[in-house]
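# Breakdown of the fold
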Amino acid sequence: MNSASSKLNRRDFAKATCLAGAALAASAAGSTPGQPAARQVRVGVIGCGSVSNAYLPDLVKSPFARVVSLCDIRPERARRQAERFGVERHYPDLAAMLGGEPFELLVNLTDMQRHEEINRRAIEAGKHVWSEKPIANSPSAGRELLRMANRRGVRLWGAPITVQSPQFAFMAGALAAGRLGRIAAAHAEYGHEGPDWSAFFYEEGGGSMPDLGVYNLTSLTGLLGPAKHVAALVNIVTPERVVGDKGRITVTEEDNAMLLLDHGDGVLSHVQSGFNYFNPHGHDGNRETRHTLTVVGSHGFMGLVGYDWGPLGVDLATKDSPKLERHATDAQGYRWEQGASLAAECLATGKELLVTPEHALHVLEIIVAARESSATGRRVAVDSGFKWPVIA
Ligand SMILES: NC(=O)c1ccc[n+]([C@@H]2O[C@H](COP(=O)([O-])OP(=O)(O)OC[C@H]3O[C@@H](n4cnc5c(N)ncnc54)[C@H](O)[C@@H]3O)[C@@H](O)[C@H]2O)c1
């Protein structure tokens, strides 16, 4: 692993997002002049590590959110982010946070393995939840969380939000309009050299599929419909790593994955993800200009420019217009880190998201099925579904 370059990339990424956050915190959330102020949903954020440097700048500038408390079991992290983003309260554990400053929406940015328990306790306490991926450690536990949320009358959402991008909308619209003819196949890939700050990415409940493959799986199932069967090979390429929080660790979860999905009606797709991929851009999605997701049919081809979580456009060629032409180059305000802000907007205004918990649980079921397929050498049926097509 080229740790020097990945550290540099991550440091640059964190620095850029932190500076942006400080500037935004200084300007504070507010309404457009002349417009009535939006209702601000009171937000508590748990987990003040790397990704909080991306979420908090977005949340503090959202007219629909007011971040009232932060929490981290490493209290110095919660304190530091509270000072940086002007948040009044910070707590060293969830119980203290739930018993402290009142809030409505919990934003869960903790280790992947901790999401399920924290989401459950928040729902039990009557909070809406925006969770980083995965929503739960297993599809059955996730379904139970969703049932609990429905019973309690609170909302549950999970990252990622790739289906909210205008590039996804363009692709979904082109497919629905039949511009590619009879769809046959799709491919998507995402990888880098792996995070070097926390061990959880490599421990049970982590892995490259729930951390990285999850973006492509969300996009491809969003475009092509729920998967009916999964066949996969997964393995561990780098059995030992050195990470910031624990030093040298043994990798126990896959860091290299290839999945084949059968979407029914003859449509097949392929997703690959891994923590061992040369990637000169590290975390900087804007600098990736390759097609990382492609769809082909009898009448045309589409290639998504850049990553599906931070896309730059869509190249389209059809029998009628066979030269690749670029479309949907305007982000229209979309940013991958705005999921919690969109959840707050939904709670404040009733404006629904295209992101659904059922879709997140379907993707989680695919990941579990992929592991089973690789272990048994068999293709595995996937039962769950979600509202599709994913079109506004
Ligand atoms: N870092 C990124 O660029 C990035 C991007 C997208 C999504 N994510 C996702 O965000 C999540 C967090 O990733 P990260 O990179 O920020 O990890 P991180 O290790 O940098 O941060 C996680 C934080 O959660 C805290 N935490 C863990 N258990 C807790 C608990 N029970 N109560 C309170 N705090 C607790 C840890 O102390 C740590 O500060 C993961 O699900 C990851 O997949 C990360």
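Residues numbered from 1 in each chain as written. Predicted model: local features only at pLDDT ≥ 70, side-chain atom pairs only at ≥ 80, totals over all residues. Heavy atoms only, no water.

## Quick look at the nonpolar core
- Within the largest apolar cluster, 89 residues are counted, with the highest numbers of intra-cluster contacts made by Val107, Trp130, Leu259 and Val295.
- Per-element accounting of this core gives the leading share, 8 residues, to helix 8 (residues 208-224).
- Leaving out residues up to four positions away in the same chain, Leu259 has contacts with Met209, Leu217, Val230, Ala231, Ala232, Ser269, His270, Val271, Ile366 and Ala370.
- Judged by nonpolar contacts, the second largest core, of 24 residues, contains Leu94, Ala141, Leu145 and Ala360. (Core = buried A, V, L, I, M, F, W, Y, C linked by side-chain atoms within 4.5 Å. Buried < 20%, exposed > 50% of the residue type's maximum accessible area, 1.4 Å probe, protein only. Helix = DSSP H or I, 4+ residues; strand = E, 2+ residues; numbered from the N terminus. Contact = heavy atoms within 4.5 Å.)

## Let's talk about the site of the ligand
- Around the ligand, the surrounding shell holds 26 residues, and the nearest of these are Ser50, Val51, Asp72, Arg77 and Ser198.
- Here Arg77 contributes a side-chain N or O atom positioned 2.7 Å from an oxygen atom of the ligand.
- Contact distances for the ligand include 2.9 Å between an oxygen atom and a side-chain N or O atom of Asp211.
- Protein contacts shield 93% of the accessible area of the ligand, which totals 820 Å² for the unbound molecule.
- Here the ligand is seated within the largest pocket.
- Contributing elements (two or more residues each) for the shell around the ligand: helix 5 (115-124) and helix 8.
- Grouping the amino acids of the shell around the ligand by side-chain chemistry returns 11 nonpolar, 7 polar and 8 charged. (Near = heavy atom within 4 Å. Polar contact = N/O pair within 3.5 Å; in protein donor to acceptor, adjacent residues only side chain to side chain. Areas by Shrake-Rupley, 256 points an atom, 1.4 Å probe, with all protein chains shown as cover. 1 Å grid on protein atoms, 1.4 Å probe; cavity = no way out; pocket = protein on both sides within 12 Å on 5 of 7 lines; lining within 4 Å. Sits in = over half its atoms within 2 Å of the grid points. Nonpolar A, V, L, I, M, F, W, Y, C, P; charged D, E, K, R; others polar.)

## Structural notes on the layout of surface pockets
- Counted as a void, the largest pocket has a volume near 920 Å³.
- Around the largest pocket sit 40 residues that line it, and Val51, Leu109, Thr110, Asp111 and Phe200 are the ones nearest its centre.
- Secondary structure elements with two or more residues in the lining of the largest pocket: helix 4 (94-99), helix 5 and helix 8.
- Looking at which element gives the most residues to the lining of the largest pocket, the answer is helix 5, with 4 residues.
- For the lining of the largest pocket, a count of residues per class yields 20 nonpolar, 8 polar and 12 charged.
- In this structure, the second largest pocket encloses a volume near 600 Å³.
- Along the wall of the second largest pocket there are 28 residues; nearest its centre are Gln164, Gln338, Leu342, Glu345 and Lys351.
- At the level of elements, helix 2 (52-61), helix 7 (166-176) and helix 9 (339-349) are the ones that each hand at least two residues to the lining of the second largest pocket. (Points joined across faces, edges and corners; volume = space filled by probe spheres on them.)

## Quick notes on empty space enclosed by the protein
- Using the criterion set out here, one finds 4 cavities of 30 Å³ or more in the structure.
- The computed volume of the largest cavity comes to approximately 150 Å³.
- Along the wall of the largest cavity there are 18 residues; nearest its centre are Ala159, Pro160, Val214, Ala360 and Val363.
- Contributing elements (two or more residues each) for the lining of the largest cavity: helix 8 and helix 10 (357-376).
- Ranked by the residues each element gives to the lining of the largest cavity, the list is headed by helix 10, at 6 residues.
- Residues belonging to the lining of the largest cavity are distributed by class as follows: 13 nonpolar, 4 polar and 1 charged.

## Section: the pairing of strand 4 (residues 105-108)
- Both faces of strand 4 are covered, namely the face carrying Leu105 and Val107 and the face carrying Leu106 and Asn108.
- Direction of pairing for strand 1 (residues 41-46) relative to strand 4: parallel, over a ladder of 4 bridges. Residue pairing for strand 4: Ile46 is matched across the bridge by Asn108.
- Relative to strand 5 (residues 128-131), strand 4 runs parallel, the two sharing 4 bridges. When the bridges of strand 5 are listed, Leu105 appears paired with His128. (Pairing = 2+ DSSP bridges.)

## Examining the sheet that holds strand 11 (residues 256-262)
- Spatially, 16-15-14-13-7-12-11-8-17 is the arrangement adopted by the 9 strands of the open sheet, whose pairing is mixed. Looking along the sheet, the strands with just one partner apiece sit at the ends: strand 16 (325-327) and strand 17 (380-381).
- Across 6 bridges, the pairing between strand 14 (residues 300-305) and strand 15 (residues 313-318) is antiparallel. The residue bridging Met302 from the neighbouring strand is Leu316, located in strand 15.
- Each of strand 7 (183-191), strand 8 (229-235), strand 11, strand 12 (268-274) and strand 13 (291-297) is contacted by helix 8, which is oriented at about 160° to strand 12, the strand it contacts most. (Axes fitted to C-alpha atoms, helices over the stretch in contact; angles between N-to-C directions.)

## Focus on helix 3 (residues 75-85)
- Turning to helix 3, its buried residues are Ala78, Gln81, Ala82 and Phe85. The arc enclosing the buried residues of helix 3, seen along the axis, measures out at 105°, which places them on a common side.
- Positive phi appears at Gly86, one or two residues downstream of helix 3, with a value of about 65°. (Arc of directions from axis to C-beta.)

Don't take any of this as a statement about function, it's just geometry.
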